[in-house]
Amino acid sequence: MNNYKLVIQYDGGRYKGWQRLGNGENTIQGKIENVISEMIGREVEIIGSSRTDAGVHAFEQVANFKIKENMPEIEIKSYLNRYLPRDISIKEVSIESDRFHSRYNTSAKTYIYKIWNEEYSNPFMRKYSMHVEEKLDLKKMKAAAEYFLGEHDYTAFSNAKSKKKSMVREIYSIDFEKKDGFIQIRISGNGFLYNMVRKIVGTLIEVGAGRLHAENIPKIIELKDRAQVSNLADPGGLYLEKIEFKS
């Protein structure tokens, strides 16, 4: 069997997320699988590195699939880009070793969140950022971000749909950039639970707006109570930026 790796970009605005949930579901995985299946004449399953939520975008999603056919990478890339919807594109195709697994071999994932922080809306970025009218205090948000670093049980920052056996995740870094009306938050970690990034960003927004004290975050983490985290940032502002793999 030949193990092909795909590097994918997509605008997730009109999709129900990455993961195929059943027949007829409008998902990124489903769209790509349909085109590959048409290409080789039978059903194929692809495995994605990150199961992004409905409405979330990706600069660099990674997936892999195995087929017996030995097809040139350029041929697969050309076919997929010809027949996929214009809001999904394949950046790279490569043949990997049989041991490569896009989900189990990951060592780090990085997400970017874009906040439009002006009193007026941005018509060009309204589908690709979250509009927060009140001025956010970046200094307070940076102080709050420190409490998320390291390894914690993130039950409070997950969704009830999270089916993982362990809610423990490690966040490596949270960085901020403020430029031209935007606040961009970059979060890197070894993995993220369902809705986790959006809930962390929502909490940082609460701190920046003065509705929550940064010092309350350790207690929220400790309580493991989802009811403590009410602000879920909009999906349109979230982008999967990069996947890193174990060597």
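Just so you know, the residues in each chain are numbered from 1, in the order the chain's sequence is written. Only residues with pLDDT of 70 or above have their local features reported here, since the model is predicted, and side-chain atom pairs are shown and tallied only from 80 upward, although totals for entire chains, interfaces and linings are computed over all residues. Calculation of side-chain values draws on the structure's entire complement of heavy atoms; hydrogens and water are dropped beforehand.

(A) How the structure looks around unusual backbone geometry. Its identity is not glycine, yet Asp180 carries a phi of approximately 50 degrees, on the positive side. Helix and strand labels come from DSSP, where a helix needs a run of H or I of at least four residues and a strand needs a run of E of at least two; each type is numbered from the N terminus. Mapped onto the elements of the fold, Asp180 is located in the loop between strand 8 (168-179) and strand 9 (182-189). Relative accessibility under 20% of the residue-type maximum defines a buried residue, over 50% an exposed one, and the middle range a partly exposed one, all with a 1.4 Å probe and only protein chains included. Judged by its relative accessible area of 63%, Asp180 is exposed. Positive phi values are uncommon outside glycine, yet Asn195 reaches one of about 75 degrees. Note on placement: Asn195 falls in the loop between strand 9 and helix 4 (196-208). Its relative accessible area of 6% is what places Asn195 among the buried residues.

(B) Fine view of the packing of helix 1 (residues 28-40) against helix 2 (residues 73-83). Inter-axis angles, ranging from 0 to 180 degrees, are taken between N-to-C directions of lines fitted to C-alpha atoms, where helices are fitted over the stretch in contact. It is the contact of helix 1 with helix 2, at a shortest axis distance of 10 Å, that shows an interaxial angle of 125 degrees. One way to sum up the angle between helix 1 and helix 2 is to call them oblique. Of the two elements, helix 1 crosses helix 2, and the hand of that crossing is right-handed. Taken together, the residues of helix 2 that come into contact with helix 1 (itself represented by Val35, Ile36, Glu38 and Met39) are Ile76, Tyr79, Leu80 and Tyr83. Relative orientations are named as follows: roughly parallel for angles under 35 degrees, roughly antiparallel for angles over 145 degrees, roughly perpendicular for angles from 65 to 115 degrees, and oblique for any other angle. For any helix crossing, the convention is left-handed if the near helix is rotated counterclockwise from the far helix by under a right angle, and right-handed if that rotation is clockwise. We call two residues in contact whenever any of their non-hydrogen atoms come within 4.5 Å of each other.

(C) Summary view of the pattern of salt bridges. Here, a salt bridge means any side-chain nitrogen of Lys or Arg that lies within 4 Å of a carboxyl oxygen of Asp or Glu. Applying the stated criterion across every chain, the model contains 11 salt bridges. Residues joined by salt bridges that share partners form a network here, namely Glu134, Glu206 and Arg211.

(D) A look at the pairing of strand 9. The element strand 9 is extensively covered by neighbouring structure, given that 7 of its 8 residues are classed as buried. Strand direction decides the pairing type here: strand 5 (residues 106-116) and strand 9, joined by 8 bridges, are antiparallel. When the sheet's bridge partners are listed, Lys114 is paired in strand 9 with Gln184. Strand direction decides the pairing type here: strand 8 and strand 9, joined by 8 bridges, are antiparallel. Residue pairing across strands places Ile174 opposite Ile187, the latter belonging to strand 9. Counting the residues in the hairpin turn of strand 8 and strand 9 gives 2 residues, including Asp180, whose phi is positive at 50 degrees. Strands were regarded as paired on the criterion that DSSP finds at least two bridges between them.

Geometric descriptors of this kind do not, in isolation, establish any biological role.
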